[in-house]
Amino acid sequence: MEILVEKGDILEQSADLLVVGIYDKDNWENVFVDRLNELLEGRLKKLAKIHDFEGNPGQTMLFPAPKTLEADYLMVVGLGSFDSVDLDTVREAAGNAVQTAKKFGLGNVAFELLGEDEGIQNFNARAYGEAIATAAILADYEFSTYKKPKGNKKIKTFSIIAEDGRDANHALRGVEKAIVIADGVSVARDLVNTPGKDMSPTRLAETAETIASMSGRNVRVKILNREQCEKKKMGAYLAVSQGSEEEPKFIHLTYKPEKKAKKVIALVGKGVTFDSGGLSLKPADYMMTMKCDMAGGAAVLGVFAALARLKPNVEVHGIVAATENMPSGKAMRPGDVVRASNGKSIEVLNTDAEGRLTLADALHYACKLEPDIVIDLATLTGACVVALGEEIAALMSTDEKLAEKILESSLEAGEKMWEMPLEKRYRPLIESDIADIRNLAKSRYGGSLTAGLFLAEFVESNVSWAHVDIAGPAFAERPIGSYLQKGATGYGVRTMLQFIQSL
Ligand code: BES
Ligand code: ZN
Ligand code: ZN
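What you are looking at is a predicted structure, and each value in this text was computed from that prediction instead of being measured.

Caption draft 1: Inspection of the side chain of Arg91 at higher detail. Mapped onto the secondary structure, Arg91 falls in helix H3 (residues 87–104). A distance of 3.1 Å separates the side chain of Arg91 from the backbone oxygen of Glu412, its partner in a polar contact. For Arg91, the residues in contact, after removing those within four places along its chain, are Ala131, Ala135, Leu411, Glu412, Ala413, Gly414, Ser482, Tyr483 and Arg494.

Okay, here's the thing in structure tokens:
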């Protein structure tokens, strides 16, 4: 699908599908709605009544286009009230347009640059163009490695039509960015959608190498094998991997800008390529989607796929301690005590709480690079999904300002996130009788918070650190809105890229 930006009148475009936005009912007394209604010979208002279309965000109506238009179909999308048109609304509308075009095999879509109206607060043609294009590309995504595509006609062009020439120029800048960002998201989605059999730690490491070699000299990669990790005394990470036939691979990507970097940041992604639970084996129903347990790592790789093209003035390290978590005669046992690379001993009471063990060594490694900021992304706890549901990630941070900035970035990027506390009073819940700390809290409540507190033990106190638990939104069991279908979502790539660019 090619995304274009053109200056013009949306109703004069020739395309298979024209998409126009209208505000809610209270704002229907205007020239544009009159013009649309007239074109449709009064059917706009009549059918709106029949179908309860009130112009609310997310609502759509599809018409066969009248002969006076050079189009086959005309789609009207709701924008809500004048002051509530935001990036989320336009993203949803773009997703709906693409779904409709795909369903009816419409090859060319012309989409109004929504929000480009006098009086719309916060309208920014670049941001709106970026949001529309990102959602359109994400909605067009299909994972077809193992299944023949349905054979529907593909969308060839998706043209964003701006009334004003300057807006068109700005929107084009946004679209150029969106293409890079959405590519990064697709990289992450492909990695997560690939079954555990084919997405081994070795395969993940090879992908990191490919990304580095395709990025030119700004991106470098280092892969540590088992022996090298042993030398670094990564006893917690290696304990997870010891039950698997697959070799662990510790991935370290580095992006360095041409100019002196404004900040150094380390992104750490959980990279458990399959989480069976280990000897604390998961029940079948919970194990079914556990190929998604490297989604944090996939997001880090997705970010790196975009960095060399976005060229932010920030040094970025990407760290993924990739491993499988399997039961076997060599697997770690509940009750074992392992030692992480920062010297702390950990009593492993549940081998299914393996993510925090891999992250313990990955976070320590990240801190040794002396970055200003460390952010980890991890499908860490089922408790997080219980707390926030399937669409919202949890954010925990030792730095209030950093948390605020990440939340802002997530809002802008369209990925939902909510802050939870690193509550000191819960710290005794992870104290062990025989080791420095235990990997299973003494209470089953607040499982995401005790997991966050566990991770904090492996982060140096002089670094700003945030932890994002993406167990809910990383893998969609049902579509999330109009532009993320079932399966991997690539959650985190958009927010992290937005964050990096905001530094
Ligand atoms: N990978 C899981 C968490 C998870 C759950 C990710 C659902 C995605 C969707 C993690 O390794 C895990 O099993 N956590 C345990 C921790 C518990 C044993 C303390 C959990 O949440 O049940
Ligand atoms: Zn687990
Ligand atoms: Zn896991």
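The structure having been displayed, the exposition proceeds.
Caption draft 2: Structural context of the sheet that holds strand E10 (residues 315–325). The sheet built from eight strands is open, its strands ordered E7-E8-E10-E9-E13-E17-E14-E15 with mixed pairing. Each having just a single partner strand, strand E7 (219–224) and strand E15 (417–419) make up the two edges of the open sheet. Here the strands of the sheet are splayed against their neighbours by 20 degrees on average, with no regard to which way each runs. Both strand E8 (residues 249–255) and E10 contribute to a ladder of seven bridges, which runs antiparallel. Counterpart to Leu253 in the pairing with E10 is Gly318. Sitting on the sheet, helix H14 (residues 447–456) is in contact with strand E13 (373–378), strand E14 (393–397) and strand E17 (464–469), with an inclination near 145 degrees to E17.

Caption draft 3: Helix H6 (residues 201–215), seen in detail. Compared with an ideal rise of 1.5 Å per residue, which puts 15 residues at 21 Å, H6 spans 21 Å between its outermost C-alpha atoms and is within 8% of the ideal. All buried positions along H6 are accounted for by Pro201, Leu204, Ala205, Thr207, Ala208, Ile211, Ala212 and Ser215. Looking down the long axis of H6, one finds its buried residues gathered within 155 degrees of arc, a one-sided arrangement. Exposed positions of H6 whose direction lies more than 90 degrees from the buried face are Ser213 and Met214. Downstream of H6 by one or two residues, Gly216 has phi in the positive range, about 85 degrees.

Caption draft 4: Fine view of the sheet that holds strand E12 (residues 345–347). The mixed open sheet is built from three strands, whose spatial order is E11-E12-E16. Because the sheet does not close on itself, it has two edges, and the strands there are strand E11 (337–339) and strand E16 (437–438). The pairing of E11 with E12 spans three bridges and is classified as antiparallel. Bridge assignment links Val338 to a residue of E12, and that residue is Ile346.

Caption draft 5: Inspection of the site of ligand 1 at higher detail. The local shell around ligand 1 holds 15 residues, among which Lys282, Asp293, Asp352, Glu354 and Gly382 are the closest. Taking Asp352, its side chain carries an N or O atom lying 2.8 Å from an oxygen atom of ligand 1. Leu380 places a main-chain nitrogen or oxygen 3.4 Å from a nitrogen atom of ligand 1. Relative to its unbound accessible area of 520 Å², ligand 1 is 78% covered by the protein chains. The residue makeup of the shell around ligand 1, split by class, is four nonpolar, four polar and seven charged.

Parameters and conventions
Residues numbered from 1 in each chain as written. Chains lettered and ligands numbered in written order. Predicted model: local features only at pLDDT ≥ 70, side-chain atom pairs only at ≥ 80, totals over all residues. Heavy atoms only, no water. Helix = DSSP H or I, 4+ residues; strand = E, 2+ residues; numbered from the N terminus. Polar contact = N/O pair within 3.5 Å; in protein donor to acceptor, adjacent residues only side chain to side chain. Contact = heavy atoms within 4.5 Å. Pairing = 2+ DSSP bridges. Axes fitted to C-alpha atoms, helices over the stretch in contact; angles between N-to-C directions. Expected span 1.5 Å × (residues − 1). Buried < 20%, exposed > 50% of the residue type's maximum accessible area, 1.4 Å probe, protein only. Arc of directions from axis to C-beta. Near = heavy atom within 4 Å. Areas by Shrake-Rupley, 256 points an atom, 1.4 Å probe, with all protein chains shown as cover. Nonpolar A, V, L, I, M, F, W, Y, C, P; charged D, E, K, R; others polar.

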